[in-house]
Amino acid sequence: MLPYYKTVKQAGVSEIVIKKSRFIGHAMPVETEEEAIQFIESIKKEHSMATHNCSAYMVGERDQYQKQSDDGEPSGTAGRPILEVIKNQGLKNVAVVVTRYFGGIMLGAGGLVRAYTDGAVAGLAAAEPVYKVLHREVWIEIDYTWHGKVENELRNREMLMGETLFTDKVTLLCLPLAEEADRFIAWMTDVTQGQGMITAGAEKYIEHSEKP
């Protein structure tokens, strides 16, 4: 799994008007190629009366699933520019559709490329680009006498935390970066002088607003 990647947070929609033509940018985070295709088809259905629904997607850890569609626009003027926006922004696991309602004025090839580029940029901005950062769950079970010291150490380290359970003992869920999990466990073993029960759990992606 990648230590982190950039994608979008949610579905986003934004509209721009160029020479009376409406260009509506739609963007969506997707995990699989099937999800990307379903999203594109849903926009086509929603905007079945539109002149064009041009699209592109990039999916996979190695960007192995890529596709673009001009949907009737001159070859290379719509799908490719949309895909280039995805690539230039360094995004993964995202699908974009730019819907056009023709306004009666021809834009020419260069104008179309700029319009679909701007439509894709607008849609992606509305979907809010984020970083997905790989973390690892680490559970720490300690006696109540250790709780204050451990909590203080974690706070000083600005450790990302999950839930804390209070039973006959205190169990804290810590979420260090996956690549730092082993060092974190060694450090916490030292902090608790070996008195804590430390268990490594699953790896999972967590959203961050900035690159780690």
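Residues numbered from 1 in each chain as written. Predicted model: local features only at pLDDT ≥ 70, side-chain atom pairs only at ≥ 80, totals over all residues. Heavy atoms only, no water.

Student: Lay out the environment of Val 59 in plain terms, naming residues and giving numbers.
Tutor: Its location among the elements puts Val 59 in strand 4 (residues 52–59). Residues Val 59 and Ala 36 lie 23 residues apart in sequence; the distance between their C-alpha atoms is 8.1 Å. Contact partners of Val 59, with chain neighbours within four places excluded, come to Val 30, Glu 31, Thr 32, Glu 33, Ala 36, Gln 64, Tyr 65 and Asn 93. (Helix = DSSP H or I, 4+ residues; strand = E, 2+ residues; numbered from the N terminus. Contact = heavy atoms within 4.5 Å.)

Student: I'd like a description of the sheet that holds strand 5 (residues 65–69), backed by residues and values.
Tutor: Strand order in the open sheet formed by five strands is 2-3-6-4-5, with antiparallel pairing between adjacent strands. At either margin of the open sheet sits one strand with a lone partner, and together these are strand 2 (12–18) and strand 5. Each strand axis lies, on average, 15° off the axis of its neighbour in the sheet, ignoring direction. With seven bridges joining them, strand 4 and strand 6 (residues 94–101) adopt antiparallel strand pairing. Note on strand 6: the bridge partner recorded for His 52 is Arg 100. The strands touched by helix 1 (residues 33–46) within the sheet are strand 3 (21–29), strand 4, strand 5 and strand 6, with strand 4 carrying the most contacts at an inclination of about 165°. Most of the contacts of helix 2 (residues 79–88) go to strand 4, to which it runs at about 35°, and overall it touches strand 4, strand 5 and strand 6. (Pairing = 2+ DSSP bridges. Axes fitted to C-alpha atoms, helices over the stretch in contact; angles between N-to-C directions.)

Student: Quick one: what's the story with the packing of helix 4 (residues 144–156) against helix 5 (residues 181–191), residue by residue and with numbers?
Tutor: Interhelical geometry of helix 4 versus helix 5 gives an angle of 140° and a closest axis separation of 11 Å. Comparing their axes, helix 5 and helix 4 come out oblique. Of the two elements, helix 4 crosses helix 5, and the hand of that crossing is right-handed. When helix 4 is examined against helix 5, the residues Trp 146, Lys 149, Val 150, Glu 153 and Leu 154 are found in contact with a partner set consisting of Phe 184, Trp 187, Met 188 and Val 191. For the contact of helix 4 with helix 5, a count of residues per class yields seven nonpolar, no polar and two charged. (Parallel < 35°, antiparallel > 145°, perpendicular 65-115°, else oblique. Left-handed = near helix turned anticlockwise from the far one by under 90°. Nonpolar A, V, L, I, M, F, W, Y, C, P; charged D, E, K, R; others polar.)

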